[in-house]
Amino acid sequence: MKRGRQPLRDFPLVVWLVAAATVAVIHRWVPEATWLLVHLVALGAMTHAAMVWSAHFTAALLKTRDDDATRARATMRLALLGAGSLMVFVGVPTTLWWLVVAGAVVISGAVLWHAVQLVSDLRRALPGRFRICIRYYVAAACCLPVGAGFGAALAFGLGDRWNANLLVAHTMTNLLGWIGLTVVGTLVTFWPTVLRTRMDDRAEKLARQVLPVLLGSLAVVVAGSLIGMRPVAFVGIVGYTLALLWWGRCLVVPLRKRQPREFASASILAACVWALVALIATAIHVLVSSDIEVGTGYPIVASIWVAGFLVQLVTGALSYLLPSVVGGGPRVVRAGALWFDKFASARLVVINAGLLLWLLPTPSWVRVTVSSLVLVALASFLPLMIAGIRASVVEKRRALAGEPAAAADRPDAFTGTGLMAGVAALALAVSLGIGIDPGAAGLSTASVSTGESVVSGQTVRVSVVANGMIYTPNRIEVERGDRLIIDLVNEDSTTVHDLAVGDQRTPRLKSGERAELDLGPMQASVQGWCTVVGHRQMGMVFDIVVRGTDEAASDPSPGATAVPTEHEHGETAEVPRIEGVVDPVLPPATDERLRKVELRATDESLEVAPGIWQQRWTYNGQSVGPTLRGRVGDVFEVTLINDGAIGHSVDFHAGSLAPDVPMRTIAPGESLVYTFTAERAGIWMYHCSTMPMSAHIAAGMHGAVIIDPEGLPEVDREYVLVQSEVFLGEGGTSPENATEVDADAVTAEQPDKVVFNGVANQYDQEMFKATVGERVRFWVLDVGPNRPSAFHIVGGQFDTVYFEGGYQLKDGVDAFGSAGGGSQVLGLHVAQGGFVELEFPEAGHYPVVSHVMIDAERGAHGVVEVTDN
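Definitions and cut-offs
Residues numbered from 1 in each chain as written. Predicted model: local features only at pLDDT ≥ 70, side-chain atom pairs only at ≥ 80, totals over all residues. Heavy atoms only, no water. Helix = DSSP H or I, 4+ residues; strand = E, 2+ residues; numbered from the N terminus. Buried < 20%, exposed > 50% of the residue type's maximum accessible area, 1.4 Å probe, protein only. Contact = heavy atoms within 4.5 Å. Areas by Shrake-Rupley, 256 points an atom, 1.4 Å probe, with all protein chains shown as cover. Lys, Arg positive; Asp, Glu negative; His and termini not counted. Charge placed at Lys NZ, Arg CZ, Asp CG, Glu CD. Salt bridge = Lys/Arg side-chain N within 4 Å of Asp/Glu carboxyl O. Pairing = 2+ DSSP bridges. Arc of directions from axis to C-beta. Axes fitted to C-alpha atoms, helices over the stretch in contact; angles between N-to-C directions. Parallel < 35°, antiparallel > 145°, perpendicular 65-115°, else oblique. Nonpolar A, V, L, I, M, F, W, Y, C, P; charged D, E, K, R; others polar.

## Description of the overall build of the chain
The secondary structure content of the chain amounts to 22 helices and 29 strands. Considering the chain as a whole, with its 869 residues, one finds that 53% of them fall into the buried category. In the chain, of all internal contacts separated by at least 6 residues, the share reaching a separation of at least 24 is 75%. A total accessible area of about 37400 Å² is found for the chain, and carbon and sulfur atoms account for 59% of it. With 65 positive and 82 negative side-chain charges, the chain shows a spacing of 23 Å between the two charge centroids.

Here it is in structure tokens:
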């Protein structure tokens, strides 16, 4: 390989690995993070490496020399590969399927061009040994376009059966064909070179023997997958594995002669072992999984392929090859290799033992801490690689200057200290995971009394039910010194729950199980919660209020609901009901063309979630302003009267006019008249524009104006939903102690609730109504002030979608005239709106959510109750 820097040869692999590490860290906020992580390694890093190093080994084995024109064509192929990969990486998370297909075509073209070049090199080279290796490369390159075609087909959202069939065909063609054959062809000569020993005399013969078996087995896997006969695909994977084991004998002989003493050889060996594990796991998964389970279970199998096999293979190979590429003799190679071997023992122990721990049925937080440590160990290769290359370059300059070598010997990379360090790091990660969530590890302090004497002489025993991410009751009051005993029962049929208060905790309870938690004499108010990962954040908290103390709970969780209660020494509180549910029914437009409206800005204490009250700034006294409706050409004459305590204003997006006068802020006691003509159809936002505007909107000063599109058909039911955010601050449990909007939380974009029509979860209590076969229209407006919405009805499909003044879909026909289409979500940025229409196929309860799921969990949730005719 030509030495010296070649950016398109040298840098993309590092870029893809850095991108993969970044996605692994921020995966919770990245769309399609698992898919992207796998493909950044497999498609990005490994495919680039396969093209570069297969060309390198072809030149070395055939003893060919590249001229400038050949290198220019190689650079062009790598540029096409990088561009196509980037198109795929962008297209899948953004659902731009045309971009995915285009990227797959570009990648396939680059790799096929690479195959043509390999065949040309093979034909013009003199006869020699190991030409079989180049045939492996050519066969591998022919597999990738096939696998890419299967992958592109997956992008079209097929049914479960075809999705499962193509998923297996796609992954196996690329892993066993493109990557697998390239690796086998390379290791024939590369493995003994890395071990610095002679190869097995049978290596070339064995490689010739197994190539047709490997290709035949792969064909069986693909055929079995495509026709939906999983046992046939299983047989193909088993055949491929047996062929590998037969060929692998040529790797064992060099290993017996010289065991790994460097990170490179040890990492490649570990990768080979994990490849066998991955093959066995994939074969079993394909054989026993249903169509749905094939996809849902693939991330576990993919973790073995990616972390166990692919990453360890590429980092091991690079650890050997990169110091050699710099050139300059043994001293230069030694200087760089010293960096690649740093912490080798600890890194290998953490990566391989950590991956094994992650695959075992360990508690969730242990999996989090261990996987984070494994990621650090894998990612540490990148800075060590940079340091190693720099050390090689520096040593090469020293050699050219005639200076003595910086290091005389290359010590053994594996030490007892390094092994112990790796084990200790894993032990610390496991301990940290158990410390965060001891209940998941089976540790419990339930029914343990503090042993303190009872101060008040009274015992309070409370029965608490855990069900649906809430405790009932979720707030109790006791006198100071009362002994509190909680009888917890889990009535949730879907998951386990527990209750932790202070340093005491019940066991994790399955549905129907119960436990007793003896907290002893209570001296201060405290908050408990469910320790199952994510349950506390969803509001599963339990407040114990000790009368005579200052606060109900010292550490409220985001989204926690503090519920008023009349509990007196053992009486339990009911789950609170929202006192004033906002009517979501949208009346039809009336006939008048001049519409006179009065908006009064007032300060009101309103309920914004069950049992939570806030001091709201309102139009006409509700948490969301009144919905105005009209037709194109109607004139709206709006009188704004400020009955509040501070200045307010109003801005109607439905009108087009200079804002200077009608949108001005008016002081308390003043009024203004705002007149506009509705010239365009749609659902439009109106809001207070007094600064800070974000706080005024968040406090409730917003609403919707609906201007019917021309020819809007009548429907059986029509609802309007305005999504907004609530920022509670300290919050309040009654109208008397309601607090104002938390302006700091607004600025920090940290809402406590996301709501429809001003109140969290109100339409879980008072459900939307519909009958089977009725046509239902939902108008939706996102007023923010900060968060988008993704309106979705679970179990429903929209055949009509109207977005920002135009139809995207009407009765199943899209804007280009194609029929038979549907929609699953109405996606809205702040201040955008539209409507969707659907018919419900059968009776039942259909959840209504923002599919930004954390917002649904914060309160943007309701239910459509559908009954039979």
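## Concerning the pattern of salt bridges
For the structure shown, the criterion picks out 34 salt bridges. Salt-bridge contacts for Glu 592 lead to Arg 595; the nearest nitrogen and oxygen are separated by 3.6 Å. On the basis of relative accessible area, Glu 592 is assigned to the partly exposed category, the value being 39%. According to the relative accessible area criterion, Arg 595 is buried, its value standing at 5%. For Arg 777, the salt bridge is made with Glu 837, and the minimal N-O distance between the two is 2.8 Å.

## Some words on the side chain of Ser 724
Summarising the element assignment, Ser 724 is placed in strand β18 (residues 717-726). When residues no more than four places from it in sequence are discounted, the contact partners of Ser 724 are His 702, Lys 753, Val 754, Val 755, Val 783 and Gly 784.

## Remarks on the sheet that holds strand β25 (residues 813-814)
Strand order in the open sheet formed by seven strands is β19-β18-β21-β27-β23-β24-β25, with mixed pairing between adjacent strands. With partners counted over all chains shown, the strands left at the sheet margins are β19 (753-756) and β25, one partner each. Of the pairings in the sheet, the one linking strand β23 (residues 800-803) to strand β27 (residues 833-839) comprises four bridges and is antiparallel in character. Looking at the pairing, Phe 803 lines up with Gly 834 of β27.

## Points about helix α10 (residues 249-257)
Buried within α10 we find Cys 250, Leu 251 and Pro 254. Mapping the buried residues of α10 onto a view down its axis gives an arc of 105 degrees, with all of them on the same face.

## What to know about the packing of helix α3 (residues 33-62) against helix α4 (residues 68-91)
Packing of α3 against α4 leaves a shortest axis separation of 11 Å and a crossing angle of 175 degrees. For the element pair α3 / α4, the angle class is roughly antiparallel. Side by side, α3 and α4 meet where Trp 35, Leu 36, His 39, Leu 40, Leu 43, Gly 44, Thr 47, His 48, Met 51 and Val 52 of the first sit next to Arg 77, Leu 78, Leu 81, Ser 85, Val 88 and Phe 89 of the second. Class assignment of the residues belonging to the contact of α3 with α4 gives a composition of ten nonpolar, five polar and one charged.

## A short note on unusual backbone geometry
The omega torsion of the bond from Thr 472 to Pro 473 falls at -5 degrees, within 30 degrees of zero and hence cis. Turning to its location among the elements, Pro 473 is positioned in the loop between β2 (470-472) and β3 (475-478). A positive phi is found at Glu 749, a non-glycine position, where the angle reads about 60 degrees. With respect to the helices, strands and loops of the structure, Glu 749 is situated in the loop between α20 (743-748) and β19. A relative accessible area of 52% means that Glu 749 is categorised as exposed.

The values reported here are purely geometric and, on their own, carry no functional implication.
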